[in-house]
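Understanding the architecture of this molecule
Spelled out from the first residue to the last, the chains are:
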Amino acid sequence: MAESTLDVVDKSTAGADARQFHIGVAPGEVSTVALLPGDPFRIPLIASFLDDVVDVAHNREHRTIVGVYKGRRITATSTGMGCPSTAIAVEELARVGVTSFIRVGSSAALQPGVAPGELLVSEGTLRNDGTTAAYAHPGFPAVPDTELTLALARHSERIALAAGSASHRGISASDDAFYAETPEWISELNRLGILNVEMESSALFVVARLRGLRAGMVCSCSSNLVSGMSLYGDTHDLLHAGWLRSIEAALETAVELEL
Ligand SMILES: O=P(O)(O)O[C@H]1O[C@H](CO)[C@@H](O)[C@H]1O
Ligand SMILES: O=c1cc[nH]c(=O)[nH]1
């Protein structure tokens, strides 16, 4: 057989020290901790908590800013929706210097008694996504950093209670297909005691673990899939208030743990 003339790229190292292809950020432009909303239009909400905000980059769904909260440099980058773009954002942010990640998202509740705008802190995620299958054995757990999660849960509860709201913690699920969440699937997740469903934490937790990074997630409840609520739009003001509380909890965690 003829010798191969291919010079196959190794993506684990290629371009690692350059301006990153998707997020458009170069090494040194960001801090060691990043807050990760899904939606780029939520970046200004995070900016409203920060001083000395600098717009770093905005490419595709990934908008990045850096600012200062209580003396600590904080980055915020939007992941876009779903595990594929989240894995890319985490990989590329790690290459430019981020070591800790806190997702501040929206998520639907799967247990009765959880209302829109309440906070949901993840203790682990059921991996119903395709992206992490490319990274790890199906039995590999998607788990956040323990110390980060305990601090995040404590700040979330304090901030939510002070606002007359509530914070919950439990196991999350990440789905790929928002509109393929059938009543049967929602019932099964509920039966397993899963607290909430969203679309990014599986990739965040698995990639972070495999790369030796720290990660956690706090979401604002957007709706409750087992309480007969079907209209997402009606809950927007409550969802928005929960986003603000989740951002404050993530920032306080970053300061306390010096992330
Ligand atoms: O509001 P974000 O953070 O994007 O999170 C949730 O909202 C999107 C679905 O509506 C998915 O990305 C899901 O995870
Ligand atoms: O996956 C998701 C995320 C938010 N809300 C849902 O109903 N499903």
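Residue indices begin from 1 for each chain and proceed along its sequence in written order. Key to labels: chains lettered from A, ligands numbered from 1, both in the order written. Reporting in this predicted model follows two pLDDT cut-offs: at least 70 for local features of residues, and 80 or more for side-chain atom pairs to be given and counted; totals over whole chains, interfaces and linings ignore these cut-offs and use all residues. Only hydrogens and water are set aside when side-chain values are computed; all heavy atoms of the structure are taken into account.

**Considerations on the overall build of the protein chain**
Helix and strand definitions here come from DSSP, where helices need a minimum of 4 consecutive H or I residues and strands a minimum of 2 consecutive E residues; each element is numbered from the N-terminal end. Helix and strand content of the protein chain: six helices and nine strands. Each radius of gyration reported is based on C-alpha atoms, and the globular scaling rule is 2.2 Å times the count of residues to the power 0.38. What you see for the protein chain is a C-alpha radius of gyration of 18 Å, in line with the 18 Å of a compact globule of 259 residues. Structurally, the protein chain occupies a C-alpha span of about 65 × 50 × 30 Å along its principal axes. Partly exposed residues are those whose accessible area sits between 20% and 50% of the maximum for their type, while under 20% is buried and over 50% is exposed, using a 1.4 Å probe and protein chains only. The buried share of the protein chain, taken over its 259 residues, is 53%.

**Some details on the site of ligand 1**
Note on terminology: near, applied to a residue and a molecule or strand, indicates that one of the residue's heavy atoms is within 4 Å of it. Gly38, Arg42, Met81, Arg103, Gly105, Ser106, Phe178, Glu198, Met199 and Glu200 make up every residue found near ligand 1. Definition of a polar contact: a pair of N or O atoms within 3.5 Å, with one able to donate and the other able to accept a hydrogen when the atoms are protein atoms, and with sequence-neighbouring residues admitted only if both atoms are side-chain atoms. A distance of 3.2 Å separates an oxygen atom of ligand 1 from a polar atom in the backbone of glycine 38. Side-chain polar atom of glutamate 200 to an oxygen atom of ligand 1: 2.5 Å apart, as the coordinates give it. Accessibility throughout is a Shrake-Rupley quantity obtained with a 1.4 Å probe, and a residue counts as covered only by protein chains that appear here. Burial of ligand 1 by the protein amounts to 84% of the accessible area it has alone, namely 340 Å². Ranked by residue count, the leading element in the shell around ligand 1 is strand β5 (residues 100–109), at three residues. Here the shell around ligand 1 is composed, by residue class, of three nonpolar, three polar and four charged. The residue classification treats Ala, Val, Leu, Ile, Met, Phe, Trp, Tyr, Cys and Pro as nonpolar and Asp, Glu, Lys and Arg as charged. All others, Gly included, are polar.

**Some points on the pattern of salt bridges**
One speaks of a salt bridge when a side-chain nitrogen belonging to Lys or Arg is within 4 Å of a carboxyl oxygen belonging to Asp or Glu. On inspection of all chains with the given rule, the structure shows eleven salt bridges. Here aspartate 55 makes a salt bridge to arginine 63, at a shortest N to O gap of 3.2 Å. Its relative accessible area of 23% is what places arginine 63 among the partly exposed residues. Measuring nitrogen to oxygen at the nearest pair gives 3.4 Å for the salt bridge that ties arginine 169 to glutamate 123. Taken together, the residues span a long stretch of sequence, with arginine 169 in strand β7 (residues 167–175) and glutamate 123 in strand β6 (residues 119–128) at a distance of 46 residues.

**So, the packing of helix α3 (residues 146–162) against helix α6 (residues 236–256)**
Note on method: axes are straight lines fitted to C-alpha atoms, helices fitted across the in-contact stretch only, with angles between N-to-C directions ranging 0 to 180 degrees. Packing of α3 against α6 leaves a shortest axis separation of 8 Å and a crossing angle of 135°. Relative to α6, α3 is oriented oblique. Of the two possible hands of crossing, α3 and α6 adopt the one that is right-handed. Contacts from Leu148, Ala151, Leu152, Arg154, His155, Ser156, Arg158, Ile159 and Ala160 of α3 reach α6 at Arg245, Glu248, Ala249, Ala250, Glu252, Thr253 and Glu256. In the contact of α3 with α6, the residues fall into seven nonpolar, three polar and six charged. Roughly parallel means an angle under 35 degrees; roughly antiparallel, over 145; roughly perpendicular, 65 to 115; everything else is oblique. Left-handed describes a crossing whose near helix is turned anticlockwise from the far helix by less than a right angle; the clockwise case is right-handed. When checking whether two residues touch, look at their non-hydrogen atoms; a contact exists if any pair is within 4.5 Å.

**A word on helix α2 (residues 83–95)**
Counted at 1.5 Å a residue, the expected span for α2 with its 13 residues is 18 Å, and the 18 Å between its end C-alpha atoms agrees. Among the residues trailing α2, glycine 97 stands out with phi positive, at a value near 120°. Working rule for helices: expected span equals 1.5 Å times residues minus one.

**With respect to α6**
For α6, which comprises 21 residues, the first-to-last C-alpha distance of 30 Å matches the rise-based estimate of 30 Å (1.5 Å per residue) to within 8%. Among the residues of α6, Leu239, Gly242, Trp243, Arg245, Ser246, Ile247, Ala249, Ala250, Leu251, Glu252, Thr253 and Ala254 are the ones counted as buried.

**Quick word on the packing of aromatic side chains**
Put simply, two rings from Phe, Tyr or Trp (the six-membered ring, in Trp's case) pair if the centres are within 6.5 Å, and we call them stacked under 30 degrees between planes, edge-to-face over 60, tilted for the rest. The full count for this structure, using the stated rule, is one aromatic pair. With a centroid separation of 4.8 Å and 70° between ring planes, the pair formed by phenylalanine 178 and tyrosine 179 is classed as edge-to-face. On the basis of relative accessibility, which here comes to 34%, the residue phenylalanine 178 falls in the partly exposed class.

**Details of the confidence of the model for the protein chain**
A score from 0 to 100, pLDDT tells how confident the predictor is in each residue. Scored by pLDDT, the protein chain comes out at a mean of 96, with 97% of its residues at no less than 70. For this predicted complex, the interface score ipTM comes out at 0.96, alongside a pTM of 0.97.

**What to know about the packing of α2 against helix α5 (residues 201–210)**
It is at 8 Å that the axes of α2 and α5 come closest, and there the two elements cross at 35°. Seen from above, α2 lies across α5 with right-handed handedness. Counting all contacts with α2, which are made through Cys83, Thr86, Ala87, Val90 and Glu91, the residues of α5 involved are Ser202, Ala203, Leu204 and Val207. Taken together, the residues of the contact of α2 with α5 break down into six nonpolar, two polar and one charged.

**Digging into the UniProt feature "domain: Nucleoside phosphorylase" (unreviewed entry) in the protein chain**
Per the UniProt annotation, the sites labelled "domain: Nucleoside phosphorylase" (unreviewed entry) are residues 32–225. Annotated as 28% helix and 36% strand, the span residues 32–225 places its first and last C-alpha atoms 36 Å apart. UniProt positions are given in the numbering used here, feature names are shortened, and annotations may be inferred rather than shown by experiment.

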